[in-house]
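One-letter residues, chain by chain:
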Amino acid sequence: MCRAFTWLTILLTLALTSTASAGTSHDPKGVHLSFGASDTTMVVTWTTRKETETNVRYGPSDPGGATPADLSINAIGDARKFVDYGSTSSVRYVHVATLEGLTPGQIYEYQVGDAKLDRWSKVFWFNAKRTAEQYAEGPPLRIIALCDIGFKESDSVVELLTQEVHGEQPPDAFVQCGDFAYDLDDENGGVGDQFMKAMEPIAAYVPWMTSAGNHEASHNFTHYRERFTMPDRSKTDNHYYSIDVGPVHIVAYNTEALFWPASFGVEYIQRMYEWMEADLASVDRMRTPWVVVHGHRPIFCEAADGTSCAFNENAAFLQSGKDARDGVGHALRFPIEDLFYKYGVDLAFYGHEHEYWRTFPVYDEKVVNGTDVSLNRYFEPRGTVHVTTGAGGNINMDRGDDPPSRGTCDMIKDNSPWCAFQSGVDHGGDRSQEFAYGVVTFESGSKMTWEHFSALDDGKRIDLWSIETSSHGPFARRTYSDNLSDAALIATE
Ligand SMILES: [Fe+2]
């Protein structure tokens, strides 16, 4: 039986066997997954409007997908009462349950609900995290990378992502680096509820790993902190953490800490910075050769579209620690880009700007290419590649009448030398429009590929590039397969 047919069979079966009852306050809403603390766990989070039990029943899926799974394994979780700070003080119960003892690579089906009331969600499925050996044997690890996703504005992108998740090779994770729903707390949290429901066809099936953006800032990021369950949530409020997935160590960090002094003081940044350095220093590159970092605001900014870019430039300097700007000078003590270089972060991605663009390998605003400087192949890079993938569908974007401006960055007036390719920035450096998402594939310990797909072109691939490296670890200490001297590494002064 081909895999596509298998998935179709499972979906039809699940639809027919769903015991969901629609429209009551006891019903689970916004069901979504996240990776647990260990490789054999998966965390499920959902909300109800009335107080209910926190139960999950689950079981391994039938290999052929022809019959429903026996959902005979039970997990009991906890619920916390979340009172919104809006005018209606609306109440939600956030339920969190951890599914343990999972068999790596096994497809499971599950329902969430209240066993006493016998009220359950529809049946969802997920693929348990595979072992490193399973990823190596294939199919390779694939991660969706996309930030800045609105509620209605992102319909076309969400539709494409849903097709990815329910397609022949579902992605292993979905990483969203900030700006959810525009905004989660709007209309007393009603916009957040609708958004979480709209994301369920994706996030109830694939772990949704997140970091926070400026649109989550209201009341000290309350809705973001309450609605998600990232690793170490009890210590870091979903703001910074790391996970290992196959050959990749993924670090999430809180770029907003630099901009919201009322929410995050200098001691907070100090703690996060020290954690980040210790975390990056501890990575076993034999086990997880790739290191990827995500957060909301880019370190490097190409677009010159008014206040947003000015803000980002500020963020770039603050994060790089290379310049002093008004107001938030204490952040200069924490040069995060230096950590990327020191510990050899291969890839960093962000949103906030509602375009797509990528850099050449860069450090300290200088291009540090490897032995191959071609546009689409970064061979033996000497620095981190930065990607802005913020075109999920911002509330201020519209499709317009013209196709997005797309191509190499030298088509942009006053472009930066480290900018390689973009979509959604016009020739003058202003935004045009783009609705697109990235898929990162880690094909081996030495090659990763980024593909970008646009909803404006019916899901057509608009960019394809790769990092290929024979060495991982701190950039200054990597050994390469060429004989360039250190003096020759700086391609652009
Ligand atoms: Fe933002």
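Conventions used here
- Residues numbered from 1 in each chain as written.
- Predicted model: local features only at pLDDT ≥ 70, side-chain atom pairs only at ≥ 80, totals over all residues.
- Heavy atoms only, no water.
- Helix = DSSP H or I, 4+ residues; strand = E, 2+ residues; numbered from the N terminus.
- Buried < 20%, exposed > 50% of the residue type's maximum accessible area, 1.4 Å probe, protein only.
- Contact = heavy atoms within 4.5 Å.
- Areas by Shrake-Rupley, 256 points an atom, 1.4 Å probe, with all protein chains shown as cover.
- Donors = N, O, S within 2.8 Å, 3.2 Å for Na, K, Ca; no water.
- Tetrahedral: all angles 85-135°; square planar, octahedral: opposite > 155°, others 65-115°.
- Core = buried A, V, L, I, M, F, W, Y, C linked by side-chain atoms within 4.5 Å.
- Domains from an automatic or database assignment.
- pLDDT = per-residue confidence, 0-100.
- Disulfide = S-S within 2.5 Å.

### Some words on the overall build of the chain
On a plain count of helices and strands, the chain comes out with 9 helices and 28 strands. A buried classification covers 60% of the 493 residues belonging to the chain. Pairs at least 24 apart in sequence give 69% of the contacts found in the chain among residues at least 6 apart. Total accessible area on the chain stands at roughly 18700 Å², and carbon and sulfur atoms take up 50% of it.

### Some remarks on the coordination of the iron ion
Looking at the iron ion, the protein donor atoms are Asp 179 (OD), Asn 214 (OD1), His 296 (NE2) and His 352 (ND1), and they sit 2.0 to 2.3 Å from it. Coordination geometry of the iron ion: the 4 donor atoms subtend angles of 89 to 163 degrees at the metal centre, consistent with an arrangement described as irregular. Along the chain, the residues donating to the iron ion are arranged with the sequence spacing D-x34-N-x81-H-x55-H. Residue Asp 179 is found in the loop between strand 12 (173–177) and strand 13 (180–181), and its partner Asn 214 is found in the loop between strand 14 (208–211) and helix 5 (218–227); the two are separated by 35 residues along the sequence. The pair formed by Asp 179 and Asn 214 is uniform in burial state, with each residue classed as buried.

### Digging into the nonpolar core
Counting 119 residues, the largest nonpolar core has Tyr 110, Phe 174, Phe 195, Phe 340, Trp 450 and Trp 465 as the members making the most contacts within it. Each of domain 1 (3–127) and domain 2 (139–488) accounts for three or more of the residues forming this core. Among all residues touching Trp 450, those that are not within four sequence positions of it are Ala 145, Leu 347, Phe 349, Tyr 356, Val 387, Thr 389, Gly 438, Val 439, Val 440, Asp 463, Leu 464 and Trp 465.

### Structural notes on the confidence of the model for the chain
Should pLDDT be low for a region, the predicted coordinates there are not to be read in detail. Mean pLDDT over the chain works out to 85, with 82% of the residues at or above the 70 mark. A low-confidence stretch, residues 322–331 stays under pLDDT 50, and its non-local contacts, those more than four residues away or across chains, total 15 contacts.

### Some details on the state of the cysteines
Chemically, a disulfide is nothing more than a covalent bond linking the sulfur atoms of two cysteines. Using the criterion set out here, one finds 2 disulfides in the structure. Here Cys 147 pairs with Cys 177 through a disulfide, and the sulfurs are 1.7 Å apart. On the criterion of sequence distance, the pair formed by Cys 147 in the loop between strand 10 (141–145) and strand 11 (149–150) and Cys 177 in strand 12 is long-range, its members being 30 residues apart. Accessibility classification places Cys 147 together with Cys 177 in one group, the buried group. Note that Cys 409 is cross-linked by a disulfide to Cys 419, the S-S spacing being 2.0 Å. Measuring the twist about the S-S bond at about -45 degrees, one finds the Cys 409-Cys 419 disulfide to be left-handed. Placement of the pair is Cys 409 in the loop between strand 24 (406–408) and strand 25 (419–423) and Cys 419 in strand 25, with a sequence separation of 10 residues. Taking the relative accessible area as the measure of exposure, Cys 409 reaches 0% and is therefore buried. Look at Cys 419 and you get buried, because its relative accessible area is 5%. The connectivity of the disulfide bonds within the chain can be written as 1-2, 3-4, using the sequence rank of each bonded cysteine.

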